[in-house]
Each structure stands twice: as C-alpha cells, then as structure tokens.
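# Report on the structure
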Amino acid sequence: MNATASTSTSLTVRERASRGKAARATTPLEAHAEFRRRDHVDPVGLLLGQAATRVPQLVPIRHGRMLASPFAFYRGAALVMAADLADTPVCGLDAQLCGDAHLSNFGGFASAERTLVFDINDFDETHPGPFEWDVKRLAASLVVAGRDNGYGAKQCRRVAMTAVEAYRTAMRDFAAQPVLAVWYARLDLAETLTRFTESLSHRKRKEHRGDLDGADKALAKARTRDSLQALGKLTEVDDGQRRFVSDPPLMMRLDDITELDRDLVFQRLTTLVADYRDTLAAERRRLFDNFELVDIAHKVVGVGSVGTRAWVLLFQGSAEGETLVLQAKQAQRSVLADHVPGPRGEPASAWQQEGERVVTGQRLMQASSDLFLGWLRDIGPEGLEHDYYLRQLRDWKISAEIDGIAPASMDLYARMCGWTLARAHARAGDRIAIAAYVGKSDRFSRAVTEFAEAYADQNEKDHAGLAAAVDAGRVPAETGV
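### A look at the nonpolar core
Counting 89 residues, the largest nonpolar core has L103, F106, F131 and M410 as the members making the most contacts within it. Aside from chain neighbours lying at most four places away, what touches F131 is C91, L93, D94, A95, L97, Y167, H425, I434, Y437, V438 and F444.

In structure tokens, the structure reads:
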C-alpha cells in the first residue's frame, strides 16, 4: 500500500497542499538537478547479478541487444538507474511507480471499450516509491534517445523539458479535479492526433505532412494487431490442429524443448491456468471459460526482459475462428525493491507474489487494463517458485518508432508521455501534494532536465563499459539476435 495515498484521504485539501509546499524546505526543487555516481554502483556487476536468475542460454542475447546503442543499454539498465536514483534527493511524496518509465514503455493499445488509448504499457518493475524517480527516468530516456537520433544538445534538452513540463502542468490540472475525473481520464490516440493536426498552421501541416500521414497509417495498422494477426505470424495448422511455429532461440514450442517432459509440463500448465482464472473478475472468468488451452511455446521478449521466462499460450474456442493468445511473463522482484526505504529504513517491499505486484500496479496506473490481466505462481521441479503475470499477446498494440523520429514528433510524443505519467501518479499518489510541490514555475522541470543530461552522459559511459567488459571476456554477449 502506498503510504502517501493511504494517508492523504485523512487530510484536508489545504493540509495536503501545505504538505507539498513544506517539502520544498527540505528538498528544494533545484536539488533534483543533482547527480553523482557513487562508488558502490557497478553497472556491469549489477547486470551480471541479474543474469544469475535468468535462463542461462538467453543471457548473452540480452547483453548483445544492450550493446546495440546507448538507448538500448538504457532500456536494459533499469536496475543500474534504480541504484543511482537511490542516492538522489527525494521530497518524501510517494506514488505507485512504473519503475521503468522510459519512452519506449509508453504506447497505444485497445481499451476494454475498443478505443485506441495511449498509456504506460510495461509494469515489470512497478513499486511504490518517490514520484521523482519515474519522472527522471522518462526525462533521461528522451535525452539518450535524442542523442542516438543525432539531435543537437538544445533539441535533446527541449524534448526532455517538454516531458517534465507536461507532467508538472498535468499534475496541477489533476489536483484541481475531483478524484473520479482523474480516474476517468484517458488519452485517446485518434482524438489527440486530430487535435494536434488542427492546432497546426497550414504551413506547419505541409511541413509535417509525412509525420501526420505516418501516424494515421500507424493507427490503422494498430487495429490489425490482435490475436488473429498473431495467429497468422506465430502459428500454423498441423494435421488439422493450430500450433505455434518454432523459431529457435527466439520462439520454441514446448514439444521442441527436449529437456522438458512435454506431457507433464502441459498438464502442470493446465492446472496453473485454472489458478490464473481465479485472479480474474467473475464476468471475465465466464468469458475465459469459452477457451481451452491447446499449445504452448517459449518466446524471447524485449531488451531488459530477455532471459526471464516468457511463454505464449494458445487457446481455442468452441466455434471456428475463436482463438485467444495470452503471454505469461515471469515477474521477478522489482529493481526498486531494494532501494525504496521503508518506514524504518528497511526495503519497502511487502509483496509475496510478484505477478500480483505487477497486476496491481498496472491496474492502479493504467486508465484501461487488459481484460485478461491476471497472475499465477509455478513451483518448478527444482522447488523454486516462479511468478508470472498474464495478458493478451497483442491487442491493437502500437509503439512509436523511436529510431529516426523527427524532433517535432518527439516533442509531441514527450508531451503525451509526460501527461500520461502524471495521470498515472495522480491515480495512485497524492496529486494535490505533488502538484503543490512541483509548483507554478518551471524550476522543477529545469532541474530534472539538467539531471537528465548528466545521466545521459553517465549512460554513455556505462554502455562503453559493457562493451569493454564483453571484449575482455567478463560478460558473454551474442549480437544480431
């Protein structure tokens, strides 16, 4: 439970605002510009420590993907940044955090009402903690990505500043709204694109015609990215039965993993799926009961997630064409868990089921979550517990093409990310205290932007350090996969 959220309801609006303003006395807004790497933070050592709990054969792929660019490294180095953020000033106002709020962890997907919404879409590291940490990770990601795209220093600074200013102003707007309005708020992608287009002058529309047309095409394409599209790409019909297609090492059917007993594992997973069903709401359990598990495969996903266990599960309905593809992704301990102080200084992680942690955080922060979002726990033959959360593999998923995005488009995207993060924190934190703390001026935004530039410098050094460790043979890496 978030302490800030739980105590805010016992205070008046004025008391909550006073609490936010008072926090500036102990942690001035300008203090958020500070960053200095402490000697105890060893990025390569932290990455190798994570490797100990991952599938050994996949760890070199993870490192190889992180080598691709400083931004690729940044995506996989959430633990490194968590260790760094633990040494930065905080004002004492907590929220439910994404924990890995870089710009590629935002995107579009279908709401339960079948509209295309923009929101945070990765909650593997979600955890209560200082609201500033998410804001700093987002701002730094924009500087890192901007540099990768060849932006100048002023352009990088501008997009980071845009995101933090969008966060600050949105939080102040949410502080003035009733709490129900905050929980109803969402960002409809089609409406946002229309409003943005209408705000442009005729000259600007012509100037950005390529970007606008590309956005329209992306929205149309997103509506085709569902279970049916996944079926065509990931499955085939074999002897009258639809099955996953193996593509080792990125995709392997259960039948092709020779070290596992296929029948025993399938039987075990069928039992676990029944446990997962119990985590759904009653009406969603009724919907889920229309499907039967018919095939399973292991799938490599993402950059930072590579090496964790991720399965795709194929379900068949009773009627022709009724199919459902779910992803069961391993949920490990949040990278924030050992760095967020508890009431007496001890780590503030009371979660016993990491899959439930992810699902709870997602439901708190997202405006509309997947119908089939749930969790389960598996106890393997070695006696170790593995927690998972489940969701649809694809449901109108859309992500921005960060590589090569123009500065003007990045500026709009940064604004959307900042607004969305504020909305998420406003739902699961004390929006009135946070709004009072960040204030009416841009001092908080300027300080966080300064931090973002300094952290981007550090990230480049860390990326080079990983490359050197690979060259020295300290870190295994497999590139091009």
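On we go.
### A closer look at the packing of aromatic side chains
Summed over the entire model, instances satisfying the criterion amount to 13 aromatic pairs. Between F118 and Y413 the ring centres are 5.7 Å apart and the planes differ by 85°, which places this aromatic pair in the edge-to-face class. Within this pair, whereas F118 is found in strand β3 (residues 116-120), its partner Y413 is found in helix α17 (residues 407-427), the two being separated by 295 residues in sequence. A relative accessible area of 7% means that Y413 is categorised as buried. Centroid distance F451 to Y455: 5.8 Å. Interplanar angle 20°. Geometry classified as stacked. Here F451 and its partner Y455 are both found in helix α19 (residues 443-471), four residues apart, which amounts to about one turn of the helix. Joined through ring pairs, the aromatic side chains of F35, Y74, F451 and Y455 make up one cluster. The residue whose ring lies beneath K136 is F451, and the NZ or CZ to ring-centre distance is 4.8 Å. Cation over ring: R137 sits above Y74, and NZ or CZ is 4.2 Å from the ring centre.

### Comments concerning the packing of helix α3 (residues 43-51) against helix α6 (residues 78-85)
Where α3 meets α6, the axes come as close as 9 Å, and the angle between the chain directions of the two elements is 125°. Accordingly, the angle class assigned to the pair α3 and α6 is oblique. Handedness of the α3/α6 crossing: right-handed. In this structure, α3 contributes P43, L46 and Q50 to the contact, and α6 contributes L79, V80 and A83. The class makeup of the residues in the contact of α3 with α6 is five nonpolar, one polar and no charged.

### What about the pairing of strand β11 (residues 323-330)?
Most of β11 is tucked away: eight of the eight residues are buried. Alternating residues of β11 divide into T323, V325, Q327 and K329 and L324, L326, A328 and Q330, and every residue in both groups is buried. In the sheet, strand β10 (residues 310-317) pairs with β11 via seven bridges, with the strands oriented antiparallel. Residue Q316 lies in a different strand from β11, and its bridge partner there is T323. Bridge count for β11 against strand β13 (residues 385-392) is five bridges, and the pairing is antiparallel. Residue Q330 lies in a different strand from β13, and its bridge partner there is Y388.

### Section: the environment of G418
Its place among the elements puts G418 in helix α17. It is 7.9 Å that separates the C-alpha atoms of G418 and T162, two residues lying 256 residues apart in sequence. Apart from residues no more than four positions distant in its own chain, G418 is found in contact with L138, A163, A166 and Y167.

### Quick notes on the pattern of salt bridges
In total, this model carries 23 salt bridges according to the counting rule given. Measuring nitrogen to oxygen at the nearest pair gives 2.7 Å for the salt bridge that ties R137 to D100. With R137 in helix α7 (residues 131-148) and D100 in the loop between β1 (94-97) and β2 (106-110), the pair connects residues that are 37 residues apart, well separated along the chain. The buried category is assigned to R137, whose relative accessible area is 2%. One network of salt bridges, with partners in common, ties together R37, D84 and D462.

### As for the side chain of D295
Inspection of the secondary structure assignment puts D295 in strand β9 (residues 291-299). Engagement of the side chain of D295 in a polar contact is seen with the backbone nitrogen of F244, the distance being 2.8 Å. Every residue in contact with D295, bar those within four places of it in the chain, is listed here: R243, F244, R253, R262, F266, V312, L313 and L314.

### Quick notes on the environment of A68
Along the polypeptide, A68 turns up in the loop between α4 (59-66) and α5 (70-76). Owing to a relative accessible area of 64%, A68 belongs among the exposed residues under this scheme. Along the backbone, A68 and T479 are 411 residues apart, and their C-alpha atoms lie at a distance of 8.0 Å.

### Side note on the sheet that holds β3
Spatial strand order, β2-β3-β5: three strands in an open sheet with antiparallel pairing. For this open sheet the edge positions go to β2 and β5 (187-188), each flanked by a neighbour on one side alone. Where β3 and β5 come together, two bridges link them in antiparallel fashion. Of the residues in β5, the one forming a bridge with F118 is L187. Each of β2, β3 and β5 touches α17; the most contacted strand, β3, lies at about 70° to it.

Quick notes on the rules
- Residues numbered from 1 in each chain as written.
- Predicted model: local features only at pLDDT ≥ 70, side-chain atom pairs only at ≥ 80, totals over all residues.
- Heavy atoms only, no water.
- Core = buried A, V, L, I, M, F, W, Y, C linked by side-chain atoms within 4.5 Å.
- Buried < 20%, exposed > 50% of the residue type's maximum accessible area, 1.4 Å probe, protein only.
- Contact = heavy atoms within 4.5 Å.
- Phe/Tyr/Trp six-rings, centres within 6.5 Å; stacked < 30°, edge-to-face > 60°.
- Helix = DSSP H or I, 4+ residues; strand = E, 2+ residues; numbered from the N terminus.
- Lys NZ or Arg CZ within 6 Å of the ring centre and 35° of its normal.
- Axes fitted to C-alpha atoms, helices over the stretch in contact; angles between N-to-C directions.
- Parallel < 35°, antiparallel > 145°, perpendicular 65-115°, else oblique.
- Left-handed = near helix turned anticlockwise from the far one by under 90°.
- Nonpolar A, V, L, I, M, F, W, Y, C, P; charged D, E, K, R; others polar.
- Pairing = 2+ DSSP bridges.
- Salt bridge = Lys/Arg side-chain N within 4 Å of Asp/Glu carboxyl O.
- Polar contact = N/O pair within 3.5 Å; in protein donor to acceptor, adjacent residues only side chain to side chain.

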